[in-house]
Amino acid sequence: MIPIEEARTYVMDRCRPQPPEATDVADALGLVTATDVIANESLPPFANTAMDGFAVRSADLSSVPVQLEVVETIAAGHNPTRSLDSGQASRIMTGAPIPDGADAIVMVEKTSVDGDTVTIEVQVGPGNHIRPAGDDLMKGDLVFPAGTRLTAGRLGVLCSLGFREIETYPRLRVGVMSTGDELVDDGGDLEPGQIRDSNRRTLLSLLSGDAFVPVDLGLIADDEGAIEEALGQGARDCDAVITSGGVSMGDFDYVKAVLNRIGDMRWMQIAIKPAKPLAFGTIKGTPIFGLPGNPVSSMVSYELFARAGLRSMMGFKEPIRAAIKGIAANSISRRTDGKIHYVRVIAEHENGATVVYPVSGQGSHMLASMARSNALAVLPDGEGCEAGEQVDVLLLD
Ligand code: AMP
Ligand code: MG
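Bear in mind that the values here come from a model prediction, so they are computed numbers and not experimental data. (Residues numbered from 1 in each chain as written. Chains lettered and ligands numbered in written order. Predicted model: local features only at pLDDT ≥ 70, side-chain atom pairs only at ≥ 80, totals over all residues. Heavy atoms only, no water.)

Visitor: In this structure, what is going on with the site of ligand 1? I would like to understand it.
Guide: With respect to spatial proximity, 16 residues lie near ligand 1, and among them Glu 182, Asp 197, Ser 198, Gly 246 and Gly 293 are the closest. Ser 178 places a side-chain nitrogen or oxygen 3.2 Å from a nitrogen atom of ligand 1. Coverage of ligand 1 by the protein chains reaches 77% of its 480 Å² of free accessible surface. Listing elements by their share of the shell around ligand 1, those giving two or more residues are strand S13 (173-179) and strand S15 (195-196). Taken together, the residues of the shell around ligand 1 sort by class into three nonpolar, 10 polar and three charged. (Near = heavy atom within 4 Å. Polar contact = N/O pair within 3.5 Å; in protein donor to acceptor, adjacent residues only side chain to side chain. Areas by Shrake-Rupley, 256 points an atom, 1.4 Å probe, with all protein chains shown as cover. Helix = DSSP H or I, 4+ residues; strand = E, 2+ residues; numbered from the N terminus. Nonpolar A, V, L, I, M, F, W, Y, C, P; charged D, E, K, R; others polar.)

Take a look at the structure:
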């Protein structure tokens, strides 16, 4: 067995960021910027009012109430046509530009109108309720450094600044195939010995959730020819391929045989539980993750290796999920076996702490208990932990 760090270094060394490209902002959610983004405009682009109300000269309000002549109404999206002299005001709507001569806004709630006259009831200082040009960003400011993940809000900022395209690492297309003669996916009755394929749906869904493009390479029988064809197609059409099943020590583990022949693979036994076996390598430069078939193992292996490697290829600066500190609600026992254990837990926020409750059913075939959990508690080799002890936790959703 090798330590997880060694396996991960091996994977990460072969999962380098892809060359950046210009991406339409509409397609960039979840991608990582490849260059610094500099504001080419100021935000807001012009001084405007934060309130519906009246633009005034604050010096006119030295004693209130005071009556001012209303010279025009300025709607958002329209330019003022009148500049204000002493004793004048303009009715103004949120977002509209400030007229020349005005230096403050009085909110409509503090005024009353009679014909062309407004009575102002409060004193306000210069700048009141005015959003100056460049208040949020000045032209030339660094908006995001290279390596920023584009979230909904950040895409909004890019649109505010007029960007239509942005330089990002390309979204990865990742193929997924299940292998195993026992697997079916047609919804029919099960014949003796058959089970239904779950890993493919799970892995494709994990990929979508992590902003990759999932590519379904299908359910492949334990047949060398079929496996070779699917792997070849995946390696040609995709930026990376994930297989599930067929990489253990069994007699019909043909994925292993094919990958040995057409790929440059390393077969690892990693000192972790679950997900001890991992095949990782490349076919003509395309990374291939051979995950174990047991459903929990394949999810954990995806989390620890595939997700990290794929995120690295997509330019993430911190591709590996960082553990947070949690508190074990109950004792979690395990035996000393030279492995790190990833225990399926429910993590809850309680009184400012993350408290973890192990779920029942920790077998690597027990997908339903994996699905009940939302986190993995990381237990180093040893006898486990007591209730109330601190544990590292990987929050999965
Ligand atoms: P293998 O890695 O092919 O030896 O499979 C290990 C275990 O996982 C076996 O019990 C398989 O039936 C099961 N398994 C393999 N692939 C899948 C899959 N796609 N969905 C559900 N179970 C699977
Ligand atoms: Mg199998």
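So much for the structure itself; the text now carries on.
Visitor: I keep staring at the nonpolar core and nothing clicks. Help me out?
Guide: Among soluble globular proteins, nonpolar side chains are generally buried collectively. Residues Leu 158, Ile 242, Ile 270, Phe 289, Leu 310 and Tyr 342 are the most contacted members of the largest nonpolar core, which totals 60 residues. With 10 residues, the single largest contributor to this core is helix H6 (residues 295-313). Discounting chain neighbours no more than four positions away, the residues touching Ile 270 are Met 1, Ile 2, Pro 3, Ile 4, Ala 7, Lys 276, Leu 278 and Phe 305. Formed by 18 residues, the second largest nonpolar core is a distinct cluster that contains Leu 217, Leu 231, Val 247 and Ala 279. (Core = buried A, V, L, I, M, F, W, Y, C linked by side-chain atoms within 4.5 Å. Buried < 20%, exposed > 50% of the residue type's maximum accessible area, 1.4 Å probe, protein only. Contact = heavy atoms within 4.5 Å.)

Visitor: I would appreciate a short explanation of the sheet that holds strand S20 (residues 277-283) in the present structure.
Guide: Hydrogen bonds between backbone groups are what pair the strands of a sheet, and the pairing can be parallel or antiparallel. Taken together, six strands build an open sheet; the order of strands is S16-S13-S17-S21-S20-S18 and the sheet is mixed. In the strand order of this sheet, the two ends are held by strand S16 (213-220) and strand S18 (264-269), each with one partner. The mean angle between the axes of side-by-side strands here comes to 15 degrees, regardless of whether they run parallel or antiparallel. Both S20 and strand S21 (residues 286-291) contribute to a ladder of five bridges, which runs antiparallel. Along S21, the bridge assignment pairs Ala 279 with Gly 290. (Pairing = 2+ DSSP bridges. Axes fitted to C-alpha atoms, helices over the stretch in contact; angles between N-to-C directions.)

Visitor: I'm lost on the pairing of strand S8 (residues 111-114) in this one. Help?
Guide: Each regular strand carries side chains that alternate between the two faces of the sheet. For S8 and strand S9 (residues 117-120), the ladder comprises four bridges, and the chain directions are antiparallel. Residue pairing in the sheet places Ser 112 in a bridge with Thr 119 of S9. The loop that links S8 with its antiparallel partner S9 comprises two residues; one of these, Gly 115, has a positive phi angle of about 60 degrees.

Visitor: Teacher, can you tell me more about the environment of Thr 23 here?
Guide: Residue position: Thr 23 is located in strand S1 (residues 21-24). For Thr 23, a relative accessible area of 8% translates into the label buried. The spatial distance from the C-alpha of Thr 23 to the C-alpha of Pro 170 is 7.7 Å, given a sequence separation of 147 residues. What Thr 23 contacts, discounting residues up to four positions off in sequence, is Ala 28, Leu 31, Arg 164, Glu 165, Ile 166 and Thr 168. Here the side chain of Thr 23 touches Glu 21 through a polar contact of 3.4 Å, landing on its backbone oxygen.

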